[in-house]
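Residues per chain are reported as follows:
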Amino acid sequence: MTLSTDRTTAEIASTLAARRGATSVVLAGAGTEFLFYEATVGNRREGYRIPRSVEFNTANNRGVLAETLQRQEMALARWASSNGIPGAAATDLVIQDGFPILILEVVDDDGSELDSAALGSVIAAMHSAPCPDFRLVAQDGKALAGRITQRVNERYTELRKQHSLPNLPSSTALRATLESSAGEPCLTHMDLRRQNVRVHNGQPLSLFDWSNALFAPPELEIARIEEYSAIRENGLDYSTFLKGYTDAGGSIDNGGASSPVFNLDAAVMLAGVFNSFAPDPELREHFLSRIRALVGAL
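The rules we used
Note that residues are indexed from 1 along each chain, following the sequence as it is written. Only residues with pLDDT of at least 70 are given local features in this predicted model, and only at 80 or more are side-chain atom pairs given and counted; all residues enter the totals for whole chains, interfaces and linings. Think of the side-chain values as coming from all heavy atoms in the structure, minus any hydrogens and water. Relative accessible area decides the class of each residue, using a 1.4 Å probe on protein chains only: under 20% of the type maximum gives buried, over 50% gives exposed, and in between gives partly exposed. Counting from the N terminus, the helices are DSSP H or I runs at least four residues long and the strands are E runs at least two residues long. Strands are labelled as partners when DSSP assigns at least two bridges between them. Contact between two residues is taken to exist if any of their heavy atoms lie within 4.5 Å; hydrogens are not considered. We define a polar contact as two N or O atoms separated by no more than 3.5 Å, with the added condition that, inside protein, one atom must be a possible hydrogen donor and the other a possible acceptor, whereas residues neighbouring each other in sequence contribute only through side-chain atom pairs. Salt bridges are identified by distance alone: a Lys or Arg side-chain nitrogen within 4 Å of an Asp or Glu carboxyl oxygen. Helix axes are fitted to C-alpha atoms over the stretch in contact, other axes to C-alpha atoms as well, and angles between N-to-C directions run from 0 to 180 degrees. Roughly parallel means an angle under 35 degrees; roughly antiparallel, over 145; roughly perpendicular, 65 to 115; everything else is oblique. When the near helix sits turned anticlockwise from the far one by under a right angle, the crossing is termed left-handed; a clockwise turn instead gives a right-handed crossing. For this scheme, ten residues count as nonpolar: Ala, Val, Leu, Ile, Met, Phe, Trp, Tyr, Cys and Pro. Four count as charged, namely Asp, Glu, Lys and Arg, and the remainder, Gly too, count as polar. Each aromatic pair joins two rings of Phe, Tyr and Trp (for Trp, the six-membered one) with centres within 6.5 Å, and gets the label stacked for planes under 30 degrees apart, edge-to-face for over 60, and tilted for any other angle. Only lysine NZ and arginine CZ atoms are considered, and such an atom sits over a ring when it is within 6 Å of the ring centre and within 35 degrees of the ring normal.

> Break down the pairing of strand 2 (residues 34-41) for me, citing the residues and quoting the values.
In terms of residue burial, strand 2 counts as a mostly covered element, since 6 of its 8 residues are buried. Bridge analysis of strand 1 (residues 23-30) against strand 2 gives 5 bridges, and the strand direction is antiparallel. Looking at strand 2, one finds that Leu 27 is bridged to Tyr 37. Connecting the antiparallel pair strand 1 and strand 2 is a turn made up of 3 residues. As paired strands, strand 2 and strand 3 (residues 44-51) are joined by 8 bridges and run antiparallel to one another. Across the sheet, residue Glu 38 finds its bridge partner in strand 3, namely Gly 47. Once strand 2 ends, the chain turns through 2 residues before running back antiparallel as strand 3, passing Gly 42 with a positive phi of about 65°.

Here's what the structure looks like:
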């Protein structure tokens, strides 16, 4: 089952609101896989995270049920709250017209520029918190080294169909590098950017969209933020973020043998996004250039 228009999504949101005694339903945000509506119940507001499909087949989630991602979002939002990490309270998961809808607290955003140092401080605390006992969708039931090796190879193979790229080291070599030098795992968000943070006066009030979360060394998260920072819309300053992270007690090994592989994981994903899913020739070429440099460093 797939929603054909945003209007249909709005109808589902309105039906759910009426069922819950809510009014004044408005669309407050839209992403590739989910839309977010707000409604008013008495003197408070509540949010509805509605999937575009009951099953996703996107760049990051192939053959993944929306309900599985909704349950992960709810579990990790509650984990964040219990560990002092800013997030929106997830109150319920309901089925409306066959679609799993997550009911969330509404956290306002004033549109201000995200303070990257403040975000770094939050992520340092997040990385030091105990890992939740929860199976993560993006992990796909695999140990990290195997999962990263698999997805780098899959995405790299697709890019090489259209672009000239050097040969990757073998899967065995990539996995061995990751297994020999990667540090202790923590919970990583893996999609930290302005679009996934609610902000007030520059301060992060809520992290959301945990679909890409992994149990991984913090260096993997930091590598992704480094690559994300090249995209202006992401609103990240890498050096400022890193200072906030280390000042708050976060520690990473940027010189480890795994570092180029971690950055390559991000660069390959982003090159694929800007090659086909959201075509942008300038950013595509930037990340293809990054890929060539990173493969050369392996």
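Now that the structure has been shown, we can carry on.
> Give a detailed account of the environment of Tyr 48, specifying residues and quantitative values.
Along the chain, Tyr 48 turns up in strand 3. Note on Tyr 48: relative accessible area 0%, which makes it buried. Taking C-alpha positions, Tyr 48 is 8.9 Å from Ala 17, a pair spaced 31 residues apart along the chain. Setting aside its immediate chain neighbours within four residues, Tyr 48 contacts Ala 13, Leu 16, Ala 17, Arg 20, Ala 22, Leu 35, Phe 36, Tyr 37, Ala 39, Ile 101, Leu 102 and Ile 103. In terms of polar contacts, Tyr 48 uses its side chain to reach the side chain of Glu 46, at 2.5 Å.

> Got a sec to walk through the pattern of salt bridges? Specific residues and values, please.
Pairing of side chains with opposite charge becomes possible as their charged atoms draw close. Across all of its chains, the model carries 16 salt bridges by this definition. Asp 265 is the salt-bridge partner of Arg 224, the closest N and O atoms lying 3.3 Å from each other. Here Asp 265 lies in helix 8 (residues 259-277) and Arg 224 lies in helix 6 (residues 218-228), a separation of 41 residues in the sequence. Judged by its relative accessible area of 4%, Arg 224 is buried. Under the relative-accessibility criterion, Asp 265 is labelled buried at 2%. Notably, a salt bridge pairs Asp 247 with Lys 243, separated by 2.7 Å at the nearest N-O pair.

> Now, about the packing of helix 6 against helix 7 (residues 238-247): what can you tell me, with residues and values included?
The geometry of helix 6 relative to helix 7 is characterised by a closest axis approach of 10 Å and an angle of 155° between their N-to-C directions. In terms of axis orientation, helix 6 runs roughly antiparallel to helix 7. Here helix 6 runs over helix 7; the crossing is right-handed. Two secondary-structure elements touch here, helix 6 through Pro 218, Ile 222, Ile 225 and Glu 226 and helix 7 through Tyr 238, Phe 241, Leu 242 and Tyr 245. Broken down by class, the residue content of the contact of helix 6 with helix 7 amounts to 7 nonpolar, no polar and 1 charged.

> Now, about the packing of helix 3 (residues 116-128) against helix 7: what can you tell me, with residues and values included?
It is the contact of helix 3 with helix 7, at a shortest axis distance of 7 Å, that shows an interaxial angle of 45°. Classified by the angle their axes make, helix 3 and helix 7 are oblique. For the element pair helix 3 and helix 7, the recorded crossing hand is right-handed. Within the contact between the two elements, helix 3 uses Ser 116, Ala 117, Leu 119, Gly 120, Ser 121, Ile 123, Ala 124 and His 127 and helix 7 uses Thr 240, Phe 241, Gly 244 and Tyr 245.

> Explain the packing of aromatic side chains to me, using residue names and the numbers behind them.
Summed over the entire model, instances satisfying the criterion amount to 4 aromatic pairs. When the ring of Trp 79 is compared with that of Trp 210, the centres are 6.5 Å apart and the planes differ by 80°; the resulting orientation is edge-to-face. Of this pair, Trp 79 sits in helix 2 (residues 66-82) while Trp 210 sits in the loop between strand 10 (203-207) and strand 11 (214-216); the two residues are 131 residues apart in sequence, bridging distant segments of the chain. For Trp 79, a relative accessible area of 8% gives the class buried. For Trp 210, a relative accessible area of 1% corresponds to the buried category. Centroid distance Phe 274 to Phe 287: 6.2 Å. Interplanar angle 10°. Geometry classified as stacked. With Phe 274 in helix 8 and Phe 287 in helix 9 (residues 281-297), this pair connects stretches of sequence that are 13 residues apart. Lying over the aromatic face of Phe 34, Arg 49 brings its terminal NZ or CZ to 3.7 Å of the ring centre.

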